[in-house]
Amino acid sequence: MRAFLSAVVYLIFLVFILGPLGALIGEGGRSGLAALWQELTCPEAVFALRLTLLVSVLTVAINTIVGVFLALLLVRDKFRGQGLFQAAVDLPLSVSPVIAGLMLVLVYGPYTMLGAFLTEHGIRIIFALPGIVLATLFITMPLVVRQLVPVLRENGLEQEEAAYTLGASPWITFWKVTLPSLKWSLLYGAVMTLARSMGEFGAVLVVSGNLIMQTQTATLYAYDSVVNFNMAGAYAVSLLLLAISFITLLIMQTLGRNQEVAN
Amino acid sequence: MNSRSSNLIIRSLLGGYLLMLVFLPLGAVFLQAWSGGWSGFWQAISLPAAIFALKLSLSLALLAALSNTLMGTLTAYALVRYRLPGKTILNALVDMPFAVPTAVSGIMLLILYGPRSPLGEMLSSWHIEVVYAWPGIVLAMMFVTFPFTVRAVQPLLLALDKDMEEAAWTLGANRSQVFARIVLPVLWPGILSGFFLCFARALAEFGSIILVAGNIPLQSQVASVYIFGEVESGNLAAASAVSLVLLAAPLLLSWLQTRIYPDNIKESLTSMVQAVREGAA
């Protein structure tokens, strides 16, 4: 029985995880490193990768800072309407990325009131960089908050109260007591946000318009390459994204262990 | 500046951020879906292609969630209880689908099961079409939701005290009795929460499905892909109407879930997050 179930589990991993992974690495590898490199360095691919990097860095910066304050607000504050904040933080997790994109188009698109107003003032959101960043911010908003909330709950207020009685100001207490206690979880959340930002596809596809060399991110480039039968281009960018996911996964495992030790 | 007014400023800033990012967009979908009144909404979701897409999404997500719940529970059990060679690597691989971009997952499945691959050729010689058909959609849904049940069940198994099982053994219970009476009741909340997470995530999935299944109305078009098509053709009201139906399904489910396990659910969610963090068991 035990041997049979173990064999089934190995089979599950083989079919569902290793099979797809091996297929991409095998097929990609068959094109040869030189060809892959050539595909990666063509202007369209380079543009897409740089755009993805820019969007990810912006998203991580904004959502890490906002995440800390949102988590503090949810755990430490008490006010009417707090439930709404909680609901807003949870919402992106259950929304399909396409719907997230649609929602943003409906508010900031060129044919809406707000969109028309912004266009008049020379600000384009949909089919431009701000829209891509907004979509990525929406999708990744819960990640940092959800890492921090349980840690804040568990830590309680004792350390902060001790700092206050010793005469520290709220600002000093935040920097010297609260933030250091969140260090590992914050890093973990930030890495998760980074991985998710680099990989976002559906929401970005809807808001960006997928314009080559203008609003095409790396995942959109990979998708477009498949649609246009440029398989080598698709493999090259996919393998790079896969390598990045492996690295983030490794970082997250290491950070997870550090968190354990810290707690 | 005293702390009360600085609190108020922080609250307003965060409120503004969420208003811009979440509340306005959510409200806009409702308004747009209702722009033609109840009849317009009804008309949009009762188009044959819309009904087909919603039915396909719901039934395939159910199938994917059920099979992943079964496989995930088994995987978690083996990872915790059995002496598997290469266990650390297997445990790390569980999270792989979360880390890989969904578009890349789609490309992987396309290569593995596509018409030009040996596996795809073999399957199509048996008249099993995977790519551009429903099996491909289920495989894509299963791939992206694989970690959920494993990570929901694993911490509960780790926390389960072996004493209880040993007591049952000494009292003469057999293998299946111990599993059904002692182990399963403890795992049940995790299994259930894993199932609901899989189902919700599978319903929402887009990137891998559009690559594997394409966008063929009344054949392989799931709801998320249908919505995308309507947005692309500028039909925002119809896209919003179908979106509302798709948004309502997971909300309904999470309500149902809190009815079944009001106390356990928060616990099992936190333990899941912890399990993901823990990595190696």
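Relevant structure appears above.
The residue numbers shown here count from 1 along each chain, following its written sequence. Key to labels: chains lettered from A, ligands numbered from 1, both in the order written. Reporting in this predicted model follows two pLDDT cut-offs: at least 70 for local features of residues, and 80 or more for side-chain atom pairs to be given and counted; totals over whole chains, interfaces and linings ignore these cut-offs and use all residues. Think of the side-chain values as coming from all heavy atoms in the structure, minus any hydrogens and water.

1. Side note on the interface of chain A and chain B
Here is the rule: Note on contacts: a residue pair is in contact if any heavy atoms of the two residues lie within 4.5 Å. Two parts placed together each lose some accessible area under a 1.4 Å probe, and the buried area is that loss summed for both. In the analysis that follows, any N or O atom pair within 3.5 Å is treated as a polar contact, provided that within protein one partner can donate a hydrogen and the other can accept it, and provided that, for residues neighboring in sequence, both atoms belong to side chains. Helix and strand assignments come from DSSP, with helices taken as H or I runs of at least 4 residues and strands as E runs of at least 2, each series counted from the N terminus. When residues are grouped by polarity, Ala, Val, Leu, Ile, Met, Phe, Trp, Tyr, Cys and Pro land in nonpolar, Asp, Glu, Lys and Arg in charged, and all others, Gly among them, in polar.
On the chain B side, the residues contacting the 74 residues of chain A number 73 residues. Buried area between chain A and chain B, both sides added, is near 6,900 Å², and the carbon and sulfur share of it is 80%. If you sort the residues of chain A by the area they bury against chain B, A:Phe13, A:Phe16 and A:Leu106 come out on top, with a joint share of 9%. The interface formed by chain A and chain B includes six residue pairs in polar contact (both at pLDDT 80 or more). Broken down by element, the side of chain A that touches chain B gets its largest block of residues, 18 residues, from helix H1 (residues 2-30) of chain A. Of the residues assigned to the side of chain A that touches chain B, the class counts are 54 nonpolar, 14 polar and six charged.

2. Digging into the environment of A:Leu187
Relative to the helices and strands, A:Leu187 resides in helix H9 (residues 170-199). For the pair A:Leu187 and A:Val144, spaced 43 residues apart in the sequence, the C-alpha separation amounts to 8.7 Å.

3. Digging into a positive patch on the surface
Counted only if it meets this: Patch construction takes residues with relative accessible area above 30% that form no salt bridge. Like charges are linked within 9 Å, and nonpolar side chains (Val, Leu, Ile, Met, Phe, Trp, Tyr) are linked within 5 Å. Note on areas: Shrake-Rupley with a 1.4 Å probe; residue coverage comes only from the protein chains shown. In what follows, salt bridge is the name for a side-chain nitrogen of Lys or Arg lying within 4 Å of a carboxyl oxygen of Asp or Glu. Charge assignment: positive for Lys and Arg, negative for Asp and Glu; neither His nor the chain ends contribute. Every charge is mapped to an atom, namely NZ of Lys, CZ of Arg, CG of Asp or CD of Glu.
Positive charge collects at one region of the surface, where A:Arg2, B:Arg83, B:Lys162 and B:Arg175 lie side by side. With respect to the helices and strands, the residue B:Arg83 is situated in the loop between helix H3 (48-81) and helix H4 (87-94).

4. A word on the packing of aromatic side chains
Note the threshold: Think of it this way: a Phe, Tyr or Trp ring, Trp meaning its six-membered ring, pairs with another when their centres are within 6.5 Å, and the plane angle makes it stacked under 30 degrees, edge-to-face over 60, tilted otherwise. Categorising residues by exposure relies on relative accessible area from a 1.4 Å probe, with only protein chains included: less than 20% of the type maximum marks a residue as buried, more than 50% marks it as exposed, and the intermediate range marks it as partly exposed.
Counted under the stated rule, the structure contains 18 aromatic pairs over all chains. Taking 5.9 Å as the distance between ring centres and 80° as the angle between the ring planes, the aromatic pair formed by A:Phe13 and B:Phe146 counts as edge-to-face. Note that A:Phe13 is positioned in helix H1 and B:Phe146 in helix H8 (residues 134-159), a pairing that runs across two chains. Just as A:Phe13 is buried, B:Phe146 falls in that class too. An aromatic cluster is present here, built from A:Phe69, A:Trp171, A:Phe174 and A:Trp175 joined pairwise through their rings.

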